[in-house]
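Take a look at the letters that make up each chain.
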Amino acid sequence: MCAKTRKTRSMIDKYLIGLTYFLQCACLGNPQLLINVQNQGGEVVQETITSNIGDDVIILEFQRTDGTLITQLIDFRSEVQILKALVLGEEERGQNTYQVMCFVTRFMKSEFISSDAMAKLRQKNPHTVRTPEEDRGKENFTMTGWIHLDKSSPISRHISYLCSEAQDSTYVRDVDIKAWSELPGASISNLLSAVQSFPIFVANIDTPSVINNNNHIKPIANSISNNNNHRGTIPPAIAAQLHLNAKSTMSPHNSRQHEQTETQSSTSKCNEVSAIWAPCMCSLEMCIGWYPCGLKYCKGKQQPSSDSVNAINGSASNSYRCGIKTCRKCFHYVYYVRQKQQCLWDE
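Residues numbered from 1 in each chain as written. Predicted model: local features only at pLDDT ≥ 70, side-chain atom pairs only at ≥ 80, totals over all residues. Heavy atoms only, no water.

Student: Help me get a handle on the sheet that holds strand E14 (residues 280-299), residues and values and all.
Tutor: Pairing in this open sheet of three strands is mixed, and the strands run E8-E15-E14 from one edge to the other. The strands lining the two open edges of the sheet, one partner per strand, are strand E8 (134-142) and E14. For this sheet the average axis-to-axis angle between neighbouring strands, irrespective of direction, equals 20°. As paired elements, E14 and strand E15 (residues 319-337) share 17 bridges and run antiparallel to each other. When the sheet's bridge partners are listed, Lys-299 is paired in E15 with Ser-319. (Pairing = 2+ DSSP bridges. Helix = DSSP H or I, 4+ residues; strand = E, 2+ residues; numbered from the N terminus. Axes fitted to C-alpha atoms, helices over the stretch in contact; angles between N-to-C directions.)

Student: Would you mind going over the pairing of strand E6 (residues 98-106) in detail, with residue names and values included?
Tutor: Of all nine residues that make up E6, seven are buried, and the element is covered over most of its length. Inspection of the sheet shows strand E5 (residues 80-88) paired to E6 by nine bridges, in the antiparallel sense. Each bridged residue has a counterpart across the sheet, and for Leu-86 the counterpart in E6 is Val-100. Where E6 lies against strand E10 (residues 170-172), two bridges are found, and the strand directions are parallel. The residue of E10 that forms the bridge with Phe-103 is Tyr-171. (Buried < 20%, exposed > 50% of the residue type's maximum accessible area, 1.4 Å probe, protein only.)

Student: Let's hear about helix H4 (residues 174-181): which residues, and what values?
Tutor: Buried residues of H4: Asp-176, Ile-177, Ala-179 and Trp-180, and no others. Each buried residue of H4 lies within a common arc of 165° when the element is viewed along its axis, so the set occupies one face. If you follow the buried residues of H4, they end up packed against E5, E6, E10, helix H5 (188-193) and strand E11 (195-197). (Arc of directions from axis to C-beta. Contact = heavy atoms within 4.5 Å.)

Student: An account of empty space enclosed by the protein is needed here, citing residue identities and associated values.
Tutor: Scanning the model with the defined rule gives one cavity of 30 Å³ or more in all. Empty space within the largest cavity amounts to approximately 50 Å³. Every residue lining the largest cavity is listed: Gln-72, Gln-81, Phe-107, Glu-111, Phe-112, Tyr-291, Lys-329 and Phe-331. When its residues are assigned to classes, the lining of the largest cavity shows four nonpolar, two polar and two charged. (1 Å grid on protein atoms, 1.4 Å probe; cavity = no way out; pocket = protein on both sides within 12 Å on 5 of 7 lines; lining within 4 Å. Points joined across faces, edges and corners; volume = space filled by probe spheres on them. Nonpolar A, V, L, I, M, F, W, Y, C, P; charged D, E, K, R; others polar.)

Student: I'd like to hear about unusual backbone geometry, residue by residue, with values.
Tutor: With a phi angle near 55°, Asp-56 is a residue other than glycine that sits in the positive phi range. For Asp-56, a relative accessible area of 22% puts it in the partly exposed group. Positive phi, normally seen in glycine, also occurs at Glu-79, with a value near 55°. In this fold, Glu-79 is placed in the loop between strand E4 (69-75) and E5.

Student: Describe in detail the sheet that holds E4, supporting the description with residues and values.
Tutor: Pairing within the open sheet is mixed, and its ten strands lie in the order E7-E1-E2-E3-E4-E5-E6-E10-E9-E11. Either end of the sheet is taken by a strand with one partner, and the two such strands are strand E7 (129-130) and E11. Against the sheet, H4 engages E5, E6, E10 and E11, with an angle of about 45° to E6.

Student: Which residues make up the environment of Arg-106, and what values do they have?
Tutor: Looking at the secondary structure, you find Arg-106 in strand E6. A C-alpha to C-alpha distance of 6.0 Å links Arg-106 and Gln-81, two positions 25 residues apart in sequence. Those residues within four positions of Arg-106 in sequence are excluded, and the remaining contacts are Glu-79, Asp-176, Ala-179 and Trp-180. Polar contacts involving the side chain of Arg-106 include one to the side chain of Glu-79, which spans 3.3 Å. (Polar contact = N/O pair within 3.5 Å; in protein donor to acceptor, adjacent residues only side chain to side chain.)

Student: Hey, could you go over the layout of surface pockets for me, with residue numbers and the actual values?
Tutor: In this approach the atoms are scanned with a rolling probe the size of a water molecule, which exposes any empty space left behind. Quantified by volume, the largest pocket comes out at close to 450 Å³. What lines the largest pocket is a set of 23 residues, among which Asn-96, Gln-99, Val-100, Ser-169 and Gln-342 lie closest to the centre. Looking at the lining of the largest pocket, the elements with two or more residues in it are E6 and E15. At four residues, the largest contribution of residues to the lining of the largest pocket is made by E6. Partitioned by chemical class, the residues of the lining of the largest pocket number ten nonpolar, ten polar and three charged.

Here you go:
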């Protein structure tokens, strides 16, 4: 192992020790599980799952075999999921020791057991290697903007501290902003003030559109990606206005040149870009190998379980909670980076 790699590993180990200490202090008194999980490559990783009933939050964390540290925070009150990735840098290629990205999306409460149910889980065999009962496949997300951490509390008050090292790399989608704005007590203006849209050339603004009788622009298609599975768009009216503003400041020659670059950049993935300092669309995938995705109910008188990680306290009635359903799920994110240097793994 080269000296730079050893130095990087040492710094990350110190970071992880500090982070573990922080989590232990922050979650003192909150139930915590250590779960050994076998990934798809046959390797075993250890997940730490902490439940905070007071904040109605669950935190799941593990380190991948490549050194990447993954943190998943579920904020049930705000219907928010934060997936944070700390990726080791390639110092020999000019990267920092590590970089941190946060992806903030809407969370459906039915996809994870509640913080209260999570707090009641116990396991008598902590060394058992767990495998999920159901593989929920991969969900694709195309992010459309950044979150200003100092204004992020209307989305979730947990973003600012969890993503404190991702000041310029905390991402969100406009479709989720719209969904959160419809929650009771939400303010669309406060939500929008927390978000900055990606530069206009990320969006495909040359997509045909029509104007209906109410003078509203109706896009025929304006997905950032050509992959229909990637959800998330920049509103066409905003995109068109920003495009006009940008063109008005250019000479005719530069405007034509800009339009050609803009069209090319709108579909350029980082693995298709050769210039290391050029902007592009980066891809990152994270998989949660094991998590409690639902409760199981049994009929009849409650019986004790031999392994309490699969049992939750319930009353002795005709139907009682007798275990959990476990799942595996992957998340694939596409997002804008200002330089390909920030996305060297996507090659």
